[in-house]
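Topology and contacts: notes
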Amino acid sequence: MIDFLIKKIDWIDVEYWFYLLNDLSFVYIILPFFVVELIRYGFIKKLNKDVIFDSIANVITFGAFVIIEYILGILAITKVYFWMHYNFSLPHLPLNMVTIICCVLLADFAYYWDHRMMHRIGLGWATHTVHHSSEHFNMSVAYRFGPMDAIFPILFSLPIVMLGFDPILVLLSEVFVQVFQTLLHTEIIGKFPKPIEYIFNTPSHHRVHHGSNRQYWDKNYAGILIIWDRMLGTFEPEVEKVKYGISEPLKSNNPIKVFLHGISRLFRKIKSVKGIKNKMLVLVKPPDWEPKEY
Amino acid sequence: MKNSKLLFISILIIAVLAGTAHLFAGIESTGDTETPVFVPSPAIQEEEEQVQRQPETQQQKTNWELLEGKWEVMYKSDDFTGSIVYRISKDKNSMNAYTVKYIDENGDSLNSEKLVLIVKSFSGKSGKGTYKLEYEGKAYDIPCKVKMTDPNHFELSYSYYDYSDKETWTRITE
Ligand SMILES: [Zn+2]
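So, how was this worked out
- Residues numbered from 1 in each chain as written.
- Chains lettered and ligands numbered in written order.
- Predicted model: local features only at pLDDT ≥ 70, side-chain atom pairs only at ≥ 80, totals over all residues.
- Heavy atoms only, no water.
- Helix = DSSP H or I, 4+ residues; strand = E, 2+ residues; numbered from the N terminus.
- Buried < 20%, exposed > 50% of the residue type's maximum accessible area, 1.4 Å probe, protein only.
- Contact = heavy atoms within 4.5 Å.
- Areas by Shrake-Rupley, 256 points an atom, 1.4 Å probe, with all protein chains shown as cover.
- UniProt positions renumbered as here; feature names shortened; annotations may be inferred.
- Donors = N, O, S within 2.8 Å, 3.2 Å for Na, K, Ca; no water.
- Buried area = accessible area lost by both parts, 1.4 Å probe.
- Salt bridge = Lys/Arg side-chain N within 4 Å of Asp/Glu carboxyl O.
- Nonpolar A, V, L, I, M, F, W, Y, C, P; charged D, E, K, R; others polar.
- Core = buried A, V, L, I, M, F, W, Y, C linked by side-chain atoms within 4.5 Å.
- Pairing = 2+ DSSP bridges.
- Disulfide = S-S within 2.5 Å.

The helix and strand tally for chain A stands at 13 helices and 0 strands. The order of helices and strands in chain A, counted from the N terminus, is α-α-α-α-α-α-α-α-α-α-α-α-α. Buried residues in chain A amount to 50% of all 294 residues. Across chain A, contacts joining residues at least 24 apart in sequence account for 72% of those joining residues at least 6 apart. Just so you have it, chain A exposes about 14500 Å², and 72% of that area is on carbon and sulfur atoms.

In structure tokens:
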């Protein structure tokens, strides 16, 4: 057993596994799932223009996100990650079963905090509100990204690189968490058996996260494991039927409006508050924060 | 939940996960499975051979002698055009090939001693082993085959996923 855990694994194998899980899963699970969801919408008479245009907007925001991610990838990830890895890092870890699993779990934990921060500071919400602004809940919503969604995770994954994990492994793990997360955006699956719902983030838990019902705000930030929410006090089970969307609805499927509405709302808020200090605080305080003088 | 408690739990989680990874990394370095890059002294070699003086090993030993010596391989790729001289010698239970020098197309040479090939079994005609390749800064251990075409040539072939290649090793006497 221990031999299996610490046996050195070749890079080419790791890259191949992650290729199967991260890249090919789009073909063998996400796309078929989305088709089934569309058929379901047809059956329950919800397959209307709004769902279609919403999905198209989702895919377009994803395209914009990928372009930003790509530019950042060339600038930040390859340079900063490796530089950190070689200059400010604990001893470098070998590639084996244990280090890979620990890296995925750390990436998942980083995802939790990244996600929590995006909900709880103004600047984070300006980009993450894009993802939450859809009033539907299907796999295409998972691809609805905001303009700065690629930036914040870097802050949370750099510490993993500094702990001695290979930057490429960290990156692959992050994408794996994201892909797992993608699969949760569905109404088709009700609830899993209790032990699974206890440990893992599930569609049920994530529906709660997307709820605009008051008790569902800022809950269930998890990527793969819901136990992070249970440990850190942000867990909420799905009881009341979820109303999807944000408290101040967007009411538009224009991809440009969808992509930039968070930033424009943030700028409007900065303009509206008085004093430099308050203007700065808008960026770092929770999105529902208002200065005291008001 | 208080911020201090959040911080405490988070640091604990990170410490456990990173600690586990480093702990298991430590185990690996003590039970090193990689063949160290050194040639055993004749005394150790003799002792080793006494331990495993079985008919089959004996047979293999004579077969293995066919691989012993210096070999040269020509390369022509984007990375490197020229030839590499290798030395194959006997290790505990295998034949190991080490680089001796790189000679580029202009005839400039660079000395080097690096373990690149471990032949684990060899019948006298063909054998199997591990080829150590470096690609984009990462090291790979790739299963490979060795096939003797005549006493002065053998073919080293390997394939990994969609990549495969074949090298011809030619015996040299210097
Ligand atoms: Zn969210």
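Moving on: the overall build of chain B. The helix and strand tally for chain B stands at 3 helices and 9 strands. Mapped from its N terminus to its C terminus, chain B presents α and β elements in the order α-α-α-β-β-β-β-β-β-β-β-β. Here chain B holds 174 residues, and the buried ones make up 34% of them. In chain B, the proportion of contacts linking residues at least 24 apart, taken out of those at least 6 apart, comes to 36%.

Feature annotation in UniProt assigns "transmembrane region" (unreviewed entry) to the following positions: residues 16-39, 51-73, 93-113 and 150-172 of chain A. Secondary structure content for residues 150-172 of chain A is 74% helix and 0% strand, while the C-alpha to C-alpha distance between its ends is 14 Å.

Surrounding the zinc ion are the protein donor atoms His115 of chain A (NE2), His119 of chain A (NE2), His128 of chain A (NE2), His132 of chain A (NE2) and His209 of chain A (NE2), at 2.0 to 2.1 Å. Judged by relative accessible area, which is 3%, His115 of chain A ranks as buried.

The next point concerns the interface of chain A and chain B. At the interface, 31 residues of chain A touch 21 residues of chain B. Summed over both partners, the interface of chain A with chain B buries about 2500 Å², with 74% contributed by carbon and sulfur atoms. For the chain A face of the interface with chain B, the top three residues by lost area are Ile6, Lys8 and Ile12 of chain A, together amounting to 20%. Here chain A is connected to chain B by 0 salt bridges. Mapped onto the side of chain A that touches chain B, the elements with two or more residues apiece are α1 (2-6), α2 (11-23), α5 (97-120) and α11 (227-232) of chain A. Per element, the largest residue contribution to the side of chain A that touches chain B is 8 residues, and it comes from α5 of chain A. Looking at side-chain class alone, the side of chain A that touches chain B contains 21 nonpolar, 3 polar and 7 charged residues.

Okay, the nonpolar core next. In this structure, Phe165 and Leu169 of chain A together with Leu67, Leu117, Tyr131, Phe154 and Trp169 of chain B are the most contacted members of the largest nonpolar core, which totals 73 residues. Tallying contributions element by element places α5 of chain A first for this core, with 11 residues. Other than its neighbours up to four places away in sequence, Tyr131 of chain B contacts Tyr75, Tyr86, Val116, Leu117, Tyr140, Asp141, Ile142, Cys144, Leu156, Tyr158 and Glu167 of chain B. In terms of nonpolar packing, the next biggest core, distinct from the first, is built from 11 residues, Met117, Ala126, Met148 and Val282 of chain A among them.

All names here are of chain B. Bridge count between strand β2 (residues 81-90) and strand β3 (residues 95-104): 9 bridges; the pairing is antiparallel. Each residue of the ladder has a partner; that of Val85, found in β3, is Lys101. Connecting the antiparallel pair β2 and β3 is a turn made up of 4 residues. In terms of strand pairing, β3 meets strand β5 (residues 115-122) through 4 bridges, oriented antiparallel. Bridge assignment links Asn96 to a residue of β5, and that residue is Ile118. Bridging between β3 and strand β4 (residues 109-111) involves 3 bridges; their strand directions are antiparallel. In the sheet register, Ile103 faces β4, and the bridge partner there is Ser109. Counting the residues that bridge the hairpin from β3 to β4 gives 4 residues, and of these Gly107 lies at a positive phi of roughly 90°.

What follows concerns the state of the cysteines. Working definition of a disulfide: a covalent bond connecting the sulfur atoms of two cysteines. All names here are of chain A. In total, this model carries 0 disulfides over all chains according to the counting rule given. The thiol sulfur of Cys102 is not disulfide-bonded, and the nearest other cysteine sulfur, from Cys103, lies at 8.7 Å. By relative accessible area, which is 5% here, Cys102 ends up buried.

Residue and element names in this part refer to chain B. One ladder, built from 10 bridges, connects strand β6 (residues 126-135) with strand β7 (residues 138-150); its direction is antiparallel. Pairing of Thr130 across the sheet is with Pro143, part of β7. Linking two consecutive strands that pair antiparallel, namely β6 and β7, is a turn of 2 residues; a positive phi of about 50° is found at Glu136 within it. Pairing geometry for β7 and strand β8 (residues 153-160), over 6 bridges, is antiparallel. Considered in β8, the bridge of Lys145 is made with Ser157. With antiparallel pairing between neighbouring strands as the criterion, β7 and β8 make up a hairpin whose turn holds 2 residues.

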